[in-house]
Amino acid sequence: MRAAAMGLFCLALSEGAACAADEEDEDAPAKPDVPNIYLDLRTTYATIPAGTLGLGFGNTSLSAAFEALAARRGTTLPNGLPAAKSIAVDVPLTVDVSDRVSLYGGVSGSTTDIGGGWSSFDITSWNIGVQADLYQQNGGRIPTITLQSTLTQSVPNEPGMTNTFNNVLEFDYALDEDETRGWLAGLQNTYTTIASPFASIRPNTILYAGGFYQWPSNWKFTGRLGMQSFGGAQFAGRTLAESFTQPILRLDLDRMDDNDNRLFGITAQIAWMPKPSYQLTLRTPLYAVRN
């Protein structure tokens, strides 16, 4: 009888443990079956001073458009590149493979006004890229380390087309467990090749630092201040864009959801080249799947 009683007691314990495990499984949040999938639609308006290119943080579509303009029209612009205004639309299809890795690729279109009215809106480039957290802070002392690499090629595929390689390495140090405020610092390097033996564009490098703060309402502000160094652009031995080392400022205001998915964003940028260039970007992601 003692053996039978002990057996019943052990069975009750095992059933209780199984029930507790089932309850824990029910309480645990369900893991998403598919990753986030969305069009990270970005619309940018920019003013570009005479004698320079559309450079700055990111904005690979603007860079590709103006670099191709410099290469194709270098022989017909005796005074170098004129002052310009541009509207560019980036439509990269983005897949958040995990909370650490995102893949994206798509096309960009732009229209430009160099003094004679706005050109027709055309597809001016395509791009592919990856953004990955090489290390996540998760409450530790080492900051989150993020690498973003983007390849952009201007279109059409003809003499004067450009290939742009843009790499950003950023360090984010959160000051609280929820990572709602902290400091950041980073490096961006942009390298461009041109399909022309007569034209060349030197690399562009930005060193920057800043910080971020996210309110309980899920509005997030990020500021970056840095120095941009551009090596200049030449065509047939003639300078199209002068080299410079000047300050650059970028301010971001984003509306996030409870899972840190971006719902809306606006970015303002001022880059001195050495005259100021202004850019305003609206980000309006279109989600097919949002976890």
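All values reported here derive from a predicted model rather than from experimental measurement. (Residues numbered from 1 in each chain as written. Predicted model: local features only at pLDDT ≥ 70, side-chain atom pairs only at ≥ 80, totals over all residues. Heavy atoms only, no water.)

Colleague: With reference to specific residues and values, describe the overall build of the protein chain.
Modeller: Within the protein chain, the regular secondary structure consists of two helices and 17 strands. Out of the 291 residues belonging to the protein chain, those deemed buried represent 40%. Of the contacts formed within the protein chain by residues at least 6 apart in sequence, a portion of 57% connects residues at least 24 apart. (Helix = DSSP H or I, 4+ residues; strand = E, 2+ residues; numbered from the N terminus. Buried < 20%, exposed > 50% of the residue type's maximum accessible area, 1.4 Å probe, protein only. Contact = heavy atoms within 4.5 Å.)

Colleague: Give a description of the nonpolar core that names residues and reports values.
Modeller: When a protein is soluble and globular, its nonpolar side chains tend to lie buried together. Formed by 21 residues in total, the largest nonpolar core has its most connected members in Leu53, Leu55, Ile201, Tyr208 and Phe230. Of all the elements in the fold, those that place two or more residues in this core are strand S8 (181-194), strand S9 (199-201), strand S10 (204-214), strand S12 (233-235), strand S13 (238-241) and strand S14 (244-256). Ranked by residues supplied to this core, first place goes to S10 with three residues. Apart from the residues within four sequence positions on either side, Tyr208 is in contact with Phe57, Val168, Leu169, Glu170, Leu184, Ala185, Gly186, Leu187, Gln188, Arg224, Leu225 and Gly226. (Core = buried A, V, L, I, M, F, W, Y, C linked by side-chain atoms within 4.5 Å.)

Colleague: Go over a negative patch on the surface with me, naming the residues and quoting the values.
Modeller: The grouping of Glu177, Asp178, Glu179, Asp258 and Asp260 at the surface amounts to a negative patch. Counting through the fold element by element, Asp178 comes out in the loop between strand S7 (162-174) and S8. (Patch = residues over 30% accessible without salt bridge, like charges linked within 9 Å, V, L, I, M, F, W, Y side chains within 5 Å. Areas by Shrake-Rupley, 256 points an atom, 1.4 Å probe, with all protein chains shown as cover. Salt bridge = Lys/Arg side-chain N within 4 Å of Asp/Glu carboxyl O. Lys, Arg positive; Asp, Glu negative; His and termini not counted. Charge placed at Lys NZ, Arg CZ, Asp CG, Glu CD.)

Colleague: So what's going on with the sheet that holds S12? Which residues, and what values?
Modeller: Here three strands make up an open sheet; going across it, the order is S9-S12-S13 and the pairing antiparallel. The outermost strands of the open sheet, each flanked by one partner alone, are S9 and S13. With strand direction ignored, the average angle separating the axes of adjacent strands in the sheet is 20°. Where S9 meets S12, three bridges bridge the pair, whose relative direction is antiparallel. Looking across to S12, one finds that Ala199 is bridged to Phe235. (Pairing = 2+ DSSP bridges. Axes fitted to C-alpha atoms, helices over the stretch in contact; angles between N-to-C directions.)

Colleague: Can you lay out the packing of aromatic side chains for me, pointing to particular residues and giving the numbers?
Modeller: Aromatic ring pairs are reported here in terms of the distance separating the ring centres and the angle at which the planes meet. Following the criterion strictly, the structure yields four aromatic pairs and no others. Between the aromatic rings of Tyr213 and Trp215, the centroid separation amounts to 5.0 Å while the plane-to-plane angle is 75°, which identifies the pairing as edge-to-face. By relative accessible area, which is 40% here, Trp215 ends up partly exposed. Between the aromatic rings of Phe230 and Phe244, the centroid separation amounts to 5.7 Å while the plane-to-plane angle is 55°, which identifies the pairing as tilted. Of this pair, Phe230 sits in strand S11 (residues 219-230) while Phe244 sits in strand S14, placing them 14 residues apart in sequence. An identical accessibility class is assigned to Phe230 and Phe244; each is buried. Above the face of the Phe212 ring, Lys220 is positioned so that its terminal group lies 5.2 Å from the ring centre. The side chain of Arg290 reaches across the aromatic face of Tyr287, ending 5.6 Å from its centre. (Phe/Tyr/Trp six-rings, centres within 6.5 Å; stacked < 30°, edge-to-face > 60°. Lys NZ or Arg CZ within 6 Å of the ring centre and 35° of its normal.)

Colleague: Give me the confidence of the model for the protein chain: which residues, what numbers.
Modeller: Averaged over the protein chain, the pLDDT score is 83; the fraction of residues at 70 or greater is 81%. Note on residues 8-24: pLDDT under 50 across the span, and zero contacts to partners over four residues away in sequence or across chains. (pLDDT = per-residue confidence, 0-100.)

Colleague: I'd like a rundown of the pattern of salt bridges, residues and numbers included.
Modeller: By the definition in use, this model includes nine salt bridges. The partner of Arg224 in a salt bridge is Glu170, with the nearest N and O atoms 3.3 Å apart. With a gap of 54 residues between them, Arg224 in strand S11 and Glu170 in strand S7 connect regions that are remote in the sequence. Overall, Arg224 belongs to the buried group, its relative accessible area being 13%. According to the relative accessible area criterion, Glu170 is buried, its value standing at 11%.

Colleague: Tell me what's going on with the pairing of strand S6 (residues 144-154), and back it up with residues and numbers.
Modeller: For strand S5 (residues 122-135) and S6, the ladder comprises 10 bridges, and the chain directions are antiparallel. Paired with Gly129 across the two strands is Thr150, which belongs to S6. Pairing of S6 with S7, which is carried by 10 bridges, proceeds in the antiparallel orientation. Following the sheet pairing, Thr152 is matched in S7 by Thr164.

Colleague: Tell me what's going on with the environment of Trp118, and back it up with residues and numbers.
Modeller: The topology assignment puts Trp118 in the loop between strand S4 (101-113) and S5. Residue class for Trp118 comes out partly exposed when judged on its relative accessible area of 41%. Each C-alpha atom, one on Trp118 and one on Lys85, is 8.6 Å from the other, the two residues being 33 residues apart in sequence.

Colleague: Give a detailed account of the pairing of S13, specifying residues and quantitative values.
Modeller: Looking along a regular strand, one sees the side chains alternate between the two faces of the sheet. Two strands pair when backbone bridges link them, and S12 and S13 are joined in this way by three bridges, in the antiparallel orientation. From the neighbouring strand, Gln234 faces S13, where its bridge partner is Thr239. Count of turn residues in the S12/S13 antiparallel hairpin: two residues, of which Ala236 carries a positive phi of about 50°.

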